[in-house]
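# An overview of the molecular structure
Below are the chains, spelled out letter by letter.
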Amino acid sequence: MQIQQYFFRALLALTVFSFSAAEESVTTPPNIIVILADDVGWGDAGCYGGTKVKTPNIDRLAREGQRFANGHASAAVCTPTRYSLITGQYSWRRDAVGLNKGVANGDSPLLIPTDMTTAPGLLKEAGYQTALIGKWHLGFGLTKPDYNQELRPGPLEIGFHEFFGIPATNDRIPTVFVRDHRVVGLDAADPIQITYDKDEAQKQGLSPYAAGRNRIGWGKGGKAAWWKDTDIADTHTRECMQFLERNKDKKFFLFFTPHDVHAPVIPHKRFVGTSGLSNRADMLHELDWSIGEILNTLDRLGLAKNTLIMYSSDNGAYINDEEGHKPTGPYRGKKSQLWEGGHRVPFITRWPARLQPSEPKDLVSTIDIAATICAAAGIAVPKDALPDSYNLLPALLGEKQAPVRDHLVLMSGTGHLALRSGDWKYIPDLAVADGWQAGNKKKPNAPARPGLYDLAKDPGEKQNLFAEKPNDAKRLAALLEKAKTNAITRPR
Ligand code: CA
């Protein structure tokens, strides 16, 4: 009897030991959640100095993780940044499909080639259950999407097992949710017709009015499938939580792309007035709530510890000041522009099992998320894949010897480029630095007027040092030319 008890206890001890060893193992690939907010600026959250907007959940992520001060969207507008995050390739390399400027409309074909290696595709191959929930904004179909038919190819053909969300932006037609290949709740007797061509719209009698207001684009039909702007965040968040529940026993990659805080800024009524500032600020509360729901779900399912979360935004804020709230922080410019306010964004990583909380100063970008999540999953990226995406994992783990990136190319909403290296910023032509707002500032045949800024001393980019520091200007200009000429900029 005693011997039996001894063996039983020994067995129990062994079992407990191996369970805890498995739990602590650093070789277990993590679950991965990437949250890419929309038009959220560097200074919007409390953990980046905001005091008038309350963001307890984003602040929690920062407190329990790593809050980067020098994170950048790879472009100053939506579509190109999203393209680069998924493919690890600078969007401006794809000028043939218009990814070198502007954003996609609701009638855009799929902008990611289905034979391209993508981060979600690599994760899928490695056994991850992959989903994109939220705003897509990268087109459907080979030519133009027909929203009454299967929307193929789309997210499911470039690496995601599942997709649920809005096709383009919340201010663009069609105002419907898509699940996998189909519009949700479409009445076949009321087919969807859309166009982004004004003449075509007139000819066919199409209207910019949809789901309660005028939008960009023209359309008709599909009324039973129209979303309610006030319910988009709730719907996306619920879908995310259900995905986590369904996949709690698998390895998963969730790419959550909230529509908050893109215009039109229409928060759910329970957030209206909560900031006392603006609808946009109320919508930041809605975003923070969504993120809180994800964090709470991970806690409840016991998944928080070995889940890597990366949080950022697809471009800077489109406004600099709301009654003392500074969405772009101390930075000049806004969405679509080459100034820091256009592309410097929040960038937070949390992975309790492996990352020590810190506040790194490294220059990093949303384009680096592709290589970083693959590295975290233990995937060896093929040598020509994710060509401009730097693996940040060694830096996150505190193993790095030097800055991860020696340079980063940034793109405006009009497809113009700038370059960051160390504390320096180089803008080849200031006439176009204001992106969409540059208008006619650039005279045809006018010589370029370059700008050079030392962000360590001059974060507001007020003092152009181009004439004073010709060697630094030359070095940065050469780095930009090299990045344009070489098809691959990441270390191989
Ligand atoms: Ca955006």
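Throughout what follows, the structure given in this document is the object of discussion. The residue numbers shown here count from 1 along each chain, following its written sequence. Local features are withheld for residues below a pLDDT of 70 in this predicted model, meaning they are given only at 70 or higher, and side-chain atom pairs are given and counted only at 80 or more; totals for whole chains, interfaces and linings count all residues. Based on all heavy atoms of the structure, the side-chain values leave hydrogens and waters out of the count.

For the rest of this paragraph, the subject is the coordination of the calcium ion. For Na, K and Ca the donor cutoff is 3.2 Å, while for all other metals N, O and S atoms must lie within 2.8 Å; water is not among the atoms, so some sites may look incomplete. Only Asp38 (OD), Asp39 (OD), Cys78 (SG), Asp314 (OD), Asp314 (OD) and Asn315 (OD1) from the protein reach the calcium ion as donors, at distances of 2.2 to 2.6 Å. Irregular is the label for any site that misses the other tests, which are tetrahedral for four donors with all angles between 85 and 135 degrees, and square planar for four donors or octahedral for six when opposite donors exceed 155 degrees and the remaining angles lie between 65 and 115. Here the calcium ion is ringed by six donor atoms whose angles at the metal span 53 to 157°, and the overall shape comes out irregular. Read N to C, the donor residues that coordinate the calcium ion are spaced as D-D-x38-C-x235-D-N. Exposure class is identical for Asp314 and Asn315. Each is buried. Burial here depends on accessible area, computed with a 1.4 Å probe over protein chains only, as a share of the maximum for the residue type. Under 20% is buried, over 50% is exposed, and the range in between is partly exposed.

Each reported salt bridge corresponds to a side-chain nitrogen of Lys or Arg within 4 Å of a carboxyl oxygen of Asp or Glu. Across all of its chains, the model carries 30 salt bridges by this definition. A salt bridge links Asp321 to Lys326; the nearest nitrogen and oxygen atoms lie 3.2 Å apart. The closest approach of N and O atoms between Asp384 and Lys383, which form a salt bridge, is 3.7 Å. What you see here is one network of salt bridges that share partners, running through Glu340, Arg344, Arg420, Lys425 and Glu461.

Another aspect to go through is the sheet that holds strand S17 (residues 424-427). Backbone hydrogen bonds hold the strands of a sheet together, and the pairing may be parallel or antiparallel. Strand order in the open sheet formed by four strands is S15-S16-S17-S18, with antiparallel pairing between adjacent strands. In the strand order of this sheet, the two ends are held by strand S15 (408-411) and strand S18 (451-454), each with one partner. Averaged over all adjacent pairs, the angle separating strand axes in this sheet is 20°, with direction ignored. Pairing between two strands is assigned when DSSP locates at least 2 bridges connecting them. For the purposes of this entry, the term helix denotes a DSSP run of H or I that reaches at least four residues, the term strand denotes a run of E that reaches at least two, and both are numbered from the N terminus. Pairing analysis gives three bridges linking strand S16 (residues 417-421) to S17, with the strands arranged antiparallel. The residue of S17 that forms the bridge with Ser421 is Trp424. Whether two residues touch is decided by their heavy atoms; if any such pair falls within 4.5 Å, the residues are in contact. Between N-to-C directions, angles span 0 to 180 degrees; the directions come from axes that are lines fitted to C-alpha atoms, helices contributing only their stretch in contact. On top of the sheet, helix H11 (residues 470-485) reaches S15, S16, S17 and S18; it is set at about 115° to S16, its chief contact.

Before going further, it helps to examine the sheet that holds strand S8 (residues 193-195). Strand order across the open sheet formed by three strands is S8-S10-S9, with antiparallel pairing between neighbours. Only two strands of the sheet have a single partner each, and these edge strands are S8 and strand S9 (207-210). If you compare each strand with its neighbour and ignore which way they point, the axes differ by 65° on average.

Attention shifts here to helix H3 (residues 78-87). Burial within H3 is extensive, with ten of its ten residues counted as buried. Every buried residue belonging to H3 is among Cys78, Thr79, Pro80, Thr81, Arg82, Tyr83, Ser84, Leu85, Ile86 and Thr87, and all of these are buried. Its buried side turned inward, H3 meets strand S1 (31-37), helix H4 (119-125), strand S4 (129-135), strand S11 (252-257), helix H9 (369-376) and S15. Of the residues flanking the end of H3, it is Gly88, one or two places downstream, whose phi is positive at about 70°.

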